[in-house]
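# Observations on the model geometry
One letter stands for each residue in the lines below.
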Amino acid sequence: MKGKTICKTLGLVLLALLILVVLYVVYVFASYHRVGDQSLSVMHCSSRDAVPMEDAVETGAVYRVTSANVGFGAYSADYSFFMDGGRESRARSRQEVDRNMRGIVAFVEALSPDFALFQEVDTDGTRSWHIDETAYLSDAMTGCEFDEVFAQNYDSPYLFYPLIQPHGANQSGIVTLSRHPIASAARRELPVESGFMKLLDLDRCYSVSRIPTASGKELVLYNLHLSAYTSDGAIATEQLELLCADMLAEYEAGNYCVAGGDFNKDLLGNSPEIFGVAAGENDTWAQPIPEGTIPAGLTLVAPFDETAPAASCRTASEPYSIETTFRLTVDGFLVSDNVEVVDSAVLDAGFLYSDHNPVWMDFKLN
């Protein structure tokens, strides 16, 4: 009799756990949604309301654009992330988020950009201690007035994994800052994988900021963060093809196009050779861009200095080690043929504050 009671109790416990799991799965799929295409608000600096063309971009002048994935403020050099095969799922503390955000922004500020692009900026996340990280980014453009555009990349349901310290629910996006007036901005939705994989990679987008030039054309500035956690990396190629089609249409209309951000592709094509560490089993996403993906009229700019080679990204399967950590350059730029690239490079920050180093490019409009 006693044995039957124990078995019955265990059965009820298992049934309750099964019901909880089913309810959680229903919640996750029911909560999943895509933000979609939308117009974005531009936060203008106060002096531009009256004279928006006063600081219009000019042909022939050299401008600098930077890009930095801030890694939601969690990735100090000794941080490892569970989705890359590491151990941690959240920033270690509010103080760590503050330290990392201030650190990466200081590196960008030192580059004195005219346009600054940021990715993986949390506005409200369990993993980032519910800190609105956009508040840190204005320091990157100190000493000047600037316009700002925020595009929400995703708004994820609560991920109850790892069980000890769940990744939680997170709202994250991409931020564009410009010393020159942004006339309008929009969010463009990118394709993502279907089924279960969409819950791992979440939503994806790029933002489009339209900046007037003195010639009457527009500098169309794109900020992007393509997919990483996918089954085979093919979806990031599809996303890139959509971006290229958009840029090519703008170029053919006479506008200047500059895209920057995290491509989540091996932009150098042979990063394991260059940096001397092979990819691990969790790095299958780190593939070169397939030949023929970038159409005529557009040029990929993969920042690289042969005299001082530095990667823009490290895998987070382990704390950073120059001897054992797989590194590659995934952050870079894409420009139309009427944009002349003067120079580009990776700022070697040693991955002190993010799993990405900032990249920069100097360019002219012809």
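Residues numbered from 1 in each chain as written. Predicted model: local features only at pLDDT ≥ 70, side-chain atom pairs only at ≥ 80, totals over all residues. Heavy atoms only, no water.

### Here we look at the nonpolar core
Counting 28 residues, the largest nonpolar core has V65, F115, L219, V258, M361 and F363 as its most contacted members. Looking at this core, the element that brings in the most residues is strand 16 (residues 359–365), giving 4 residues. Within the second largest apolar cluster, 27 residues are counted, among which are A91, V105, A140 and V175. (Core = buried A, V, L, I, M, F, W, Y, C linked by side-chain atoms within 4.5 Å. Buried < 20%, exposed > 50% of the residue type's maximum accessible area, 1.4 Å probe, protein only. Helix = DSSP H or I, 4+ residues; strand = E, 2+ residues; numbered from the N terminus.)

### Side note on the sheet that holds strand 8 (residues 205–212)
Read across the sheet, 7 strands follow the order 1-7-8-9-10-14-11 without closing on themselves; strand pairing throughout is mixed. Each edge of the sheet is formed by a strand with only one pairing partner; in this case those strands are strand 1 (38–40) and strand 11 (298–301). On average, each strand axis in the sheet is inclined to that of its neighbour by 20°, with strand direction left out of account. Two strands pair when backbone bridges link them, and strand 7 (residues 184–189) and strand 8 are joined in this way by 6 bridges, in the antiparallel orientation. The residue bridging E189 from the neighbouring strand is C205, located in strand 8. (Pairing = 2+ DSSP bridges. Axes fitted to C-alpha atoms, helices over the stretch in contact; angles between N-to-C directions.)

### Looking at the sheet that holds strand 16
Spatially, the 7 strands line up as an open sheet ordered 2-5-6-4-3-16-15, and their pairing is mixed. One side of each edge strand has no neighbouring strand; the edge strands of this open sheet are strand 2 (42–43) and strand 15 (339–346). One ladder, built from 8 bridges, connects strand 4 (residues 115–125) with strand 6 (residues 170–178); its direction is antiparallel. Looking across to strand 6, one finds that G125 is bridged to N170.

### Things to note about helix 5 (residues 234–252)
Its 19 residues place the ends of helix 5 27 Å apart at the C-alpha level, agreeing with the 27 Å of an ideal helix rising 1.5 Å per residue. For helix 5, the complete set of buried residues consists of I235, A236, T237, Q239, L240, L243, C244, D246, M247, L248 and E250. Those residues of helix 5 that are buried are in contact with strand 7, strand 8, strand 9 (218–225), strand 10 (256–262), strand 11 and strand 14 (331–336). Phi for G254, located one or two positions after helix 5, is positive at around 100°. (Expected span 1.5 Å × (residues − 1). Contact = heavy atoms within 4.5 Å.)

### Re the packing of aromatic side chains
Considering all chains together, one arrives at 13 aromatic pairs under this definition. Aromatic side chains F82 and Y161 sit 5.9 Å apart centroid to centroid with 55° between the ring planes, which places their arrangement in the tilted category. A residue pair is termed long-range when its members are at least 10 positions apart, and F82 in the loop between strand 3 (62–69) and helix 2 (94–110) and Y161 in the loop between strand 5 (147–155) and strand 6 qualify at 79 residues. In this structure F82 comes out as buried when scored by relative accessible area, which is 15%. Residue Y161 is classed as partly exposed on the basis of its relative accessible area of 49%. Ring geometry for F107 against Y353: centres 5.9 Å apart, planes inclined by 45°, an arrangement best described as tilted. With F107 in helix 2 and Y353 in the loop between strand 15 and strand 16, this residue pair connects regions lying 246 residues apart in the sequence. F107 gets classed as partly exposed once you look at its relative accessible area, which sits at 23%. Site record: aromatic cluster; members linked through ring pairs are F72, Y75, Y79, F81, F82 and Y161. One cation-aromatic arrangement involves R64 over W360; the distance from NZ or CZ to the ring centre is 4.1 Å. (Phe/Tyr/Trp six-rings, centres within 6.5 Å; stacked < 30°, edge-to-face > 60°. Lys NZ or Arg CZ within 6 Å of the ring centre and 35° of its normal.)

### Re the pairing of strand 10
When you tally the buried positions in strand 10, you get 7 out of 7 residues, the bulk of the element. As defined by bridge partners, strand 10 adjoins strand 14 across 5 bridges and the pair is classed as antiparallel. Within strand 14, the position partnered with V258 by the bridge is V335.

### A few points about the pattern of salt bridges
Considering all chains together, one arrives at 12 salt bridges under this definition. With a shortest N-O distance of 3.0 Å, R102 and D98 are connected by a salt bridge. Taken together, the residues R102 and D98, both in helix 2 and 4 residues apart, mark about one turn of the helix. Look at D98 and you get partly exposed, because its relative accessible area is 25%. In this structure, R187 engages D203 in a salt bridge whose closest nitrogen and oxygen atoms are separated by 3.3 Å. Within this pair, whereas R187 is found in strand 7, its partner D203 is found in the loop between helix 4 (197–201) and strand 8, the two being separated by 16 residues in sequence. Residues R187 and D203 agree in their burial class; the two are buried. Connected through salt bridges with shared partners, the residues R34, R187, E189 and D203 form a single ionic network. (Salt bridge = Lys/Arg side-chain N within 4 Å of Asp/Glu carboxyl O.)

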